[in-house]
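Chain residues, written in single-letter form:
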Amino acid sequence: MSKINLLDFTLPELGEYFASINEQKFRAVQVYRWMHIYGADNFEAMTDIAKTLRAKLNEVAEIRVPILVSENKASDGVVKWALEVDNHNKIETVFIPDNDRGTLCVSSQVGCALECQFCSTGRQGFNRNLTPGEIVGQLWWANKRLGRDPKGEKLITNVVMMGMGEPLANYTSVVAAMKTMLDDNAYNLSKKKLTLSTSGVIPALDRLKDDCPVALAVSLHASNDAVRDVIIPINKKYPIKELLEACRRYLAKSPKDYVTFEYVMLEGVNDKLEHAHELVELARDISCKFNLIPFNPFPNSGFNSSSRNQIVRFQKILQEGGYITTVRKTRGEDIDAACGQLVGKVKDKTKRQEKWNTRSFGVIKQI
Ligand code: SAH
Ligand code: SF4
């Protein structure tokens, strides 16, 4: 029987587990701090814990971090790690340094089942959800590999749930992992510096605002349902109007007073100036910012990024409409670490790749 992985637990859960093995709860705090603050992956390292307890824990539990299989550094300082989460599957995690902040982009699933057409992860197919320990394990490894800056501060100041997978499709594990990221006996992130990005799984978004409200980014990517239905199939289930309603409900509990709308710029698909005008009207009653993302290409994607000029024209319309609108810098390009390029190694259970290989993109281009 495999041992319990203590990395899967939030602090209250670890306390309950300790109670269940007749140990005091304050011991759970010590062990939790050892794992997450000091990066311990074994009980021997925990020198202020009695040897008898360490031996007992060794019998029933373990601290199982994913296996680090590769580390790639880009010329702009971006670092990408591939982590093996079982014999068949690998996920990717990316660190993006930027002036006074360091952002870690964390994966939530092996692949993704949502099939957004412009996303390399979506094209890979889906294998399984990550466990809380596999999600937190990415932050654990990144901290370990990066070390601290000369002042002794941690280099990771922000975490974005924007790696492989749809975090709200793996709700329970993602919320557990985020609680550990926020805990001051662990990674001590502030709620404003932990961002969850979703393509819009409305029921889960409604739960999140009560269970673990963090900063919210929504992958909008279209100004009307006709376009969004095609490029983000989940829009057929949760259309734009309902998604915006859910964003308004979320804002009532959010640590930030705005939602970030992400908008990937796809040439000839969603980047016409009329689309920008449509967005200005669409988002009128909601406190939001826009982040325009140049499309990051991958083989056989069937899409091109909008030109620089077109992105600037689009941005100007949104700005004149009253919205703070930024254009995301593309980082880590030389190691395929940019948004939507993460692929890891997914043993697809959905036969998605076969389907994509035979699909035609003519329809998308005509929108
Ligand atoms: N599943 C979540 C989070 C992971 S994707 C979501 O969809 O929001 C993180 C971001 O990268 C999303 O905004 C996604 O739409 C965007 N993205 C996906 N593929 C991309 C690509 N090829 N180029 C640029 N951005 C992309
Ligand atoms: Fe999944 Fe997000 Fe990619 Fe869509 S964009 S396929 S939801 S990871």
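One can find the structure itself at the top, above this paragraph.
Here the residue index of a chain counts from 1 through its sequence in written order. Following the order in which they are written, the chains are lettered starting with A and the ligands numbered starting with 1. Where local features are concerned, this predicted model is filtered to residues with pLDDT of at least 70; where side-chain atom pairs are given and counted, the filter is 80 or more; whole-chain, interface and lining totals use all residues. To obtain the side-chain values, all non-hydrogen atoms of the structure were included, while hydrogens and water were left out.

S.K.: Can you explain the pairing of strand E13 (residues 288-294)? Please cite residues and give values.
M.R.: Regular strands place their side chains on alternate faces of the sheet. To sort residues, take the accessible area from a 1.4 Å probe on protein chains only and compare it with the maximum for the residue type: under 20% means buried, over 50% means exposed, and anything in between is partly exposed. In this description a helix means any DSSP run of H or I spanning at least four residues, a strand means any run of E spanning at least two, and both kinds are numbered starting from the N terminus. With respect to burial, E13 is a largely interior element, 6 of its 7 residues being buried. When strand E12 (residues 259-265) meets E13, the two strands line up parallel, connected through 7 bridges. Across the sheet, residue Tyr-263 finds its bridge partner in E13, namely Leu-292. Handedness of a crossover: with both strands directed away from the viewer, a clockwise path from the first strand across the helix to the second marks it as right-handed. The handedness of the E12 to E13 crossover, carried by helix H10 (residues 273-282), is right-handed. Pairing between strands requires that DSSP locate at least two bridges from one strand to the other. Inspection of the sheet shows E13 paired to strand E14 (residues 325-327) by 3 bridges, in the parallel sense. Pairing of Phe-290 across the sheet is with Thr-325, part of E14.

S.K.: Could you give an account of helix H5 (residues 132-146), with specific residues and numbers?
M.R.: Between its first and last C-alpha atoms H5 spans 22 Å; for 15 residues at 1.5 Å apiece the expected length is 21 Å, and the two agree. The element H5 is largely enclosed, with a buried count of 12 among its 15 residues. Those residues of H5 that sit buried are Pro-132, Gly-133, Glu-134, Ile-135, Val-136, Gly-137, Gln-138, Leu-139, Trp-140, Trp-141, Ala-142 and Asn-143. Expected helix span is computed as 1.5 Å times (number of residues minus one).

S.K.: An account of the nonpolar core is needed here, citing residue identities and associated values.
M.R.: We call a set of buried Ala, Val, Leu, Ile, Met, Phe, Trp, Tyr and Cys residues a nonpolar core when their side-chain atoms join them within 4.5 Å. If you look at the biggest cluster of nonpolar residues, it comprises 115 residues, and the most contacted ones within it are Phe-118, Val-159 and Phe-261. Each of domain 1 (4-62) and domain 2 (67-366) accounts for three or more of the residues forming this core. The contact definition used throughout considers only heavy atoms, calling two residues in contact when any of these lie within 4.5 Å. Ignoring sequence-local partners within four residues, the contact set of Phe-261 consists of Val-218, Leu-220, Leu-244, Cys-247, Ala-283, Ile-286, Cys-288, Lys-289, Phe-290 and Asn-291. Per the annotation, domain bounds derive from an automatic or database assignment of domains.

S.K.: With reference to specific residues and values, describe the side chain of Gln-310.
M.R.: For Gln-310, the location among the structural elements is in helix H11 (residues 308-320). The exposure class assigned to Gln-310 is buried, which follows from its relative accessible area of 13%. For the purposes of these results, a polar contact is taken to be a pair of N or O atoms within 3.5 Å, where, inside protein, one atom must be able to donate a hydrogen and its partner to accept one; residues adjacent in sequence count only when each atom of the pair is a side-chain atom. At 2.8 Å, the side chain of Gln-310 and the side chain of Arg-313 are in polar contact.

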